[in-house]
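Descriptive analysis of the structure
Chain by chain, the residues run as shown.
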Amino acid sequence: MTKRRPIIAANWKMHKTHLEAIRDVQKLSYLLDRADADRVEVVICPAFTALRAVQTLIDSDRLPYGLGAQNVHQEEKGAFTGEVSPLMLQALKCDYVIVGHSERRQLFGETDEVVNKKVRAVFSHAMVPILCVGESLGEREAGATEDKVAGQVRRDLQGVGTEDAARVVIAYEPIWAIGTGRNAEPADAGQVVGLIRETLSSAYSKEVADAVRVQYGGSVKAGNIRDFMAHPEIDGALVGGASLDPEEFALIVKYR
């Protein structure tokens, strides 16, 4: 099996001013040592208004963290009031962009077609998408998890070349577990992650499937991260609410 470096990302969603973001990244830098960052890739995804402040702090203090944006528009420029383009994120030295989060799909009507355009736009601007996929509670209870998740992976990566596909990060986030306090059992999550790899293998190759890092997301916290990371198919976590507390997030990163 290919050795994959775990990746744990903090999705702060619509929280923290730029000053709060600076404060909490500084706190995190005291809580995590270099060995933690060498073992696990840590990515911070603040709100758009805090991206520049966090990027400057990471650069000036030489902090070993990746910088991620929470969303992007698929076009480089144009009359899209309120949107942020991949060119702008690239100029801010973003490493990652969260694409297709269930909140974007559910609350803002993003379809797989839109998500696919965003994925390709992120790759074309030298960044890596963290592609979110996952089923609703109704779909899970109807036994439609496999069709939903495999279908999202295929549609969202349509037209993406093999080299880029091997670099994508996929976050399996069952919608029913996001912000609810409920989480999938590690064995169940691992089974779906295995399905994601099978889908990648079919669409590309086994080498691509083995190279892609797949995170779990959905009410991840310090108390359960170790169980998820013990599963051989799971390569990290996309952490929401628990990432807002630097001490809790540091414990998640240190999960061993």
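Residues numbered from 1 in each chain as written. Predicted model: local features only at pLDDT ≥ 70, side-chain atom pairs only at ≥ 80, totals over all residues. Heavy atoms only, no water.

With respect to the packing of aromatic side chains
The condition that has to hold: In this scheme Phe, Tyr and Trp rings, the latter by its six-membered ring, pair at centre separations within 6.5 Å, and the angle between planes marks the pair as stacked below 30 degrees, edge-to-face above 60, and tilted otherwise. Put simply, DSSP H or I for four residues or longer makes a helix, DSSP E for two residues or longer makes a strand, and each gets a number counted from the N terminus. Each residue is assigned to one of three classes by its accessible area relative to the maximum for its type, calculated with a 1.4 Å probe on protein chains only: buried under 20%, partly exposed between the two thresholds, exposed over 50%.
For the structure shown, the criterion picks out 2 aromatic pairs. Measuring from ring centre to ring centre gives 4.3 Å for Y216 and F228, while their planes differ by 10°; the resulting arrangement is stacked. Of this pair, Y216 sits in strand β7 (residues 213-216) while F228 sits in helix α12 (residues 225-229), placing them 12 residues apart in sequence. Here Y216 and F228 have matching classes, each one buried.

Regarding the packing of helix α1 (residues 18-31) against helix α3 (residues 48-60)
For the record, the criterion: Axis definition: a line fitted to C-alpha atoms, over the contacting stretch in the case of helices. Angles run 0 to 180 degrees between N-to-C directions. Handedness of a crossing follows from how the near helix is turned relative to the far one, being left-handed for an anticlockwise turn of less than a right angle and right-handed for a clockwise one. Residue contacts are counted whenever heavy atoms from the two residues lie within 4.5 Å of one another. Residues are grouped as follows: nonpolar covers Ala, Val, Leu, Ile, Met, Phe, Trp, Tyr, Cys and Pro; charged covers Asp, Glu, Lys and Arg; every other residue, Gly included, is treated as polar.
Taken N-terminus to C-terminus, the directions of α1 and α3 make an angle of 35°; their axes are 8 Å apart at the nearest point. α3 is crossed by α1, and the crossing has right-handed handedness. Within the contact between the two elements, α1 uses H18, A21, I22, V25 and Q26 and α3 uses T49, A50, A53, V54 and L57. Of the residues assigned to the contact of α1 with α3, the class counts are 7 nonpolar, 3 polar and no charged.

Quick word on the side chain of R4
Applied cut-off: Pairs of N or O atoms within 3.5 Å make up the polar contacts considered here, provided that, within protein, one atom can donate a hydrogen while the other can accept it, and that residues adjacent in sequence are counted only when both atoms are side-chain atoms.
Its place among the elements puts R4 in the segment before β1 (7-11). In terms of polar contacts, R4 uses its side chain to reach the backbone carbonyl oxygen of D210, at 2.8 Å. Among all residues touching R4, those that are not within four sequence positions of it are R197, D210, A211, V212, R213, P232, E233 and D235.

Notes on the nonpolar core
So the rule is basically this: Grouping buried Ala, Val, Leu, Ile, Met, Phe, Trp, Tyr and Cys residues that are joined through side-chain atoms within 4.5 Å yields what is termed a nonpolar core.
Ranked by size, the top nonpolar core spans 68 residues in total, and within it I44, Y65, L89, I196, Y216 and F249 carry the most contacts. The biggest single contributor to this core is helix α10 (residues 186-203), with 6 residues. The next biggest cluster of nonpolar side chains, apart from the first, holds 12 residues, and it includes A9, Y96, V128 and A171.

Observations concerning helix α8 (residues 145-156)
Which entries qualify depends on this criterion: Here a helix's expected span is defined as the number of its residues, less one, multiplied by 1.5 Å.
Taking 1.5 Å per residue as the helical rise, α8 with its 12 residues ought to reach 16 Å, and the 16 Å between its terminal C-alpha atoms agrees with that figure. The complete set of buried residues in α8 reads T145, V149, A150, G151, Q152, V153 and D156. For α8, the elements touching its buried residues are α5 (102-108), α6 (112-124), β5 (128-133), α7 (137-141), β6 (169-172) and α10.

Remarks on the packing of α1 against helix α13 (residues 246-253)
In plain terms, the rule: Roughly parallel covers angles under 35 degrees, roughly antiparallel covers those over 145, roughly perpendicular covers 65 to 115, and oblique covers all other angles.
Their axes nearest at 9 Å, the elements α1 and α13 cross at an angle of 40°. When the axes of α1 and α13 are compared, the pair comes out oblique. Viewed along their axes, α1 and α13 form a crossing whose handedness is right-handed. Of the residues in α13, those touching α1 at D24, K27, L28 and L31 are P246, E247, F249 and A250. Its residues assigned to classes, the contact of α1 with α13 comprises 5 nonpolar, no polar and 3 charged.

Thoughts on the pairing of strand β3 (residues 65-69)
For the record, the criterion: Pairing between two strands is assigned when DSSP locates at least 2 bridges connecting them. Here, the term right-handed applies to a crossover whose path from the first strand over the helix to the second runs clockwise when the strands point away from the viewer.
Within β3, 5 of the 5 residues are buried, which leaves the element mostly enclosed by the surrounding structure. Pairing between strand β2 (residues 41-45) and β3: 3 bridges, direction parallel. Note on β3: the bridge partner recorded for V42 is Y65. In this region the chain leaves β2, passes through α3 and returns to the parallel neighbour β3; the handedness of that crossover is right-handed. Relative to strand β4 (residues 96-99), β3 is paired through 2 bridges, and the arrangement is parallel. Bridging across to β4, G68 finds its partner in Y96.

A closer look at the side chain of K16
Within the fold, K16 resides in the loop between β1 and α1. A distance of 2.4 Å separates a polar atom in the side chain of K16 from a polar atom in the side chain of D24. If sequence neighbours within four positions are ignored, K16 has contacts with A21, D24 and L244.

Details of the pairing of β7
Neither face of β7 is exposed, since R213 and Q215 on one face and V214 and Y216 on the opposite face are all buried. Of the strand pairs in this sheet, β6 and β7 are connected by 4 bridges, and their pairing is parallel. Paired with I170 across the bridge in β7 is V214.

A few points about the environment of F48
Looking at where F48 falls in the secondary structure, it is placed in helix α3. Spatially, the C-alpha atom of F48 lies 9.1 Å from that of H18, the residues being 30 residues apart in sequence. The residues contacting F48, other than those within four sequence positions of it, are A69, N71, V84 and L89.

Function cannot be inferred from these measures alone, as they are strictly geometric.
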